[in-house]
Amino acid sequence: STSALEPQRIGSLSAVSRVWASTDRCLALDDGGRLFSWGLANAAGRLGLGGSKSRSAAGLLRPANRFLPEKLDIDGGDFDPELVALGNDIALVAKNHDSG
């Protein structure tokens, strides 16, 4: 993990149109409608990336904390960015009522 006192580019993100942040986690929406999540306490499923038992493609247990953004399994048209909320213990992404 690296520390920085100045803003830094996160290599896996580009064309970010919106960011939500709390003390322990972040969400970012890119221009393609993809939603990314990273931060602390994924063991409790708070990042939307599966809980402590989630496994990588190689079958290894994934770390509870994620320090690089990972794409959430949500299609851009399925949620309304105006209805995203992020707090210390919860992330809420409301389904777009027009998406079916």
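The rules behind the values
Residues numbered from 1 in each chain as written. Predicted model: local features only at pLDDT ≥ 70, side-chain atom pairs only at ≥ 80, totals over all residues. Heavy atoms only, no water. Helix = DSSP H or I, 4+ residues; strand = E, 2+ residues; numbered from the N terminus. Buried < 20%, exposed > 50% of the residue type's maximum accessible area, 1.4 Å probe, protein only. Polar contact = N/O pair within 3.5 Å; in protein donor to acceptor, adjacent residues only side chain to side chain. pLDDT = per-residue confidence, 0-100. Pairing = 2+ DSSP bridges. Axes fitted to C-alpha atoms, helices over the stretch in contact; angles between N-to-C directions. Salt bridge = Lys/Arg side-chain N within 4 Å of Asp/Glu carboxyl O. Contact = heavy atoms within 4.5 Å.

## Observations regarding the environment of Arg 25
So, step 1. Along the chain, the position of Arg 25 falls in strand β2 (residues 25-30).
So, step 2. A residue is classified by how much of its surface remains accessible, and Arg 25, at 2% relative accessible area, is buried.
So, step 3. As for Arg 25 and Trp 38, which are separated by 13 residues in sequence, their C-alpha atoms are 5.7 Å apart.
So, step 4. Here Gly 87 takes part through its backbone oxygen, which lies 3.3 Å from a polar atom of the side chain of Arg 25.

## Notes on the confidence of the model for the protein chain
So, step 1. Here the protein chain averages 74 in pLDDT, and 67% of its residues register 70 or above.
So, step 2. Averaged pLDDT values over the elements of the protein chain bottom out at 80 in strand β6 (residues 91-95) and peak at 91 in strand β1 (residues 16-21).

## Structural notes on the sheet that holds strand β4 (residues 66-71)
So, step 1. Spatially, β1-β2-β3-β4 is the arrangement adopted by the four strands of the open sheet, whose pairing is antiparallel. The open sheet terminates on both sides in strands that have one partner only, identified here as β1 and β4. Going across the sheet, the axis of each strand differs from the next one's by a mean of 15°, ignoring polarity.
So, step 2. Two strands pair when backbone bridges link them, and β2 and strand β3 (residues 35-39) are joined in this way by five bridges, in the antiparallel orientation. Looking at the pairing, Leu 29 lines up with Leu 35 of β3.

## Observations regarding the pattern of salt bridges
So, step 1. Inspection of the entire model under this criterion finds two salt bridges.
So, step 2. Ionic pairing is found between Arg 18 and Glu 82, a salt bridge with its closest N-O pair at 2.9 Å. Residue Arg 18 is found in strand β1, and its partner Glu 82 is found in strand β5 (residues 79-86); the two are separated by 64 residues along the sequence.
So, step 3. What makes Arg 18 partly exposed here is its relative accessible area of 30%.
So, step 4. Arg 34 is paired through a salt bridge with Asp 30; the nearest N and O atoms lie 2.6 Å apart.
So, step 5. With a relative accessible area of 41%, Arg 34 lands in the partly exposed category.

## Looking at the environment of Leu 29
So, step 1. Along the polypeptide, Leu 29 turns up in strand β2.
So, step 2. Leu 29 sits 52 residues away from Pro 81 along the chain, and the two C-alpha atoms are 8.2 Å apart.
So, step 3. Those residues within four positions of Leu 29 in sequence are excluded, and the remaining contacts are Ala 15, Val 16, Ser 17, Arg 18, Trp 20, Arg 34, Leu 35, Phe 79 and Pro 81.

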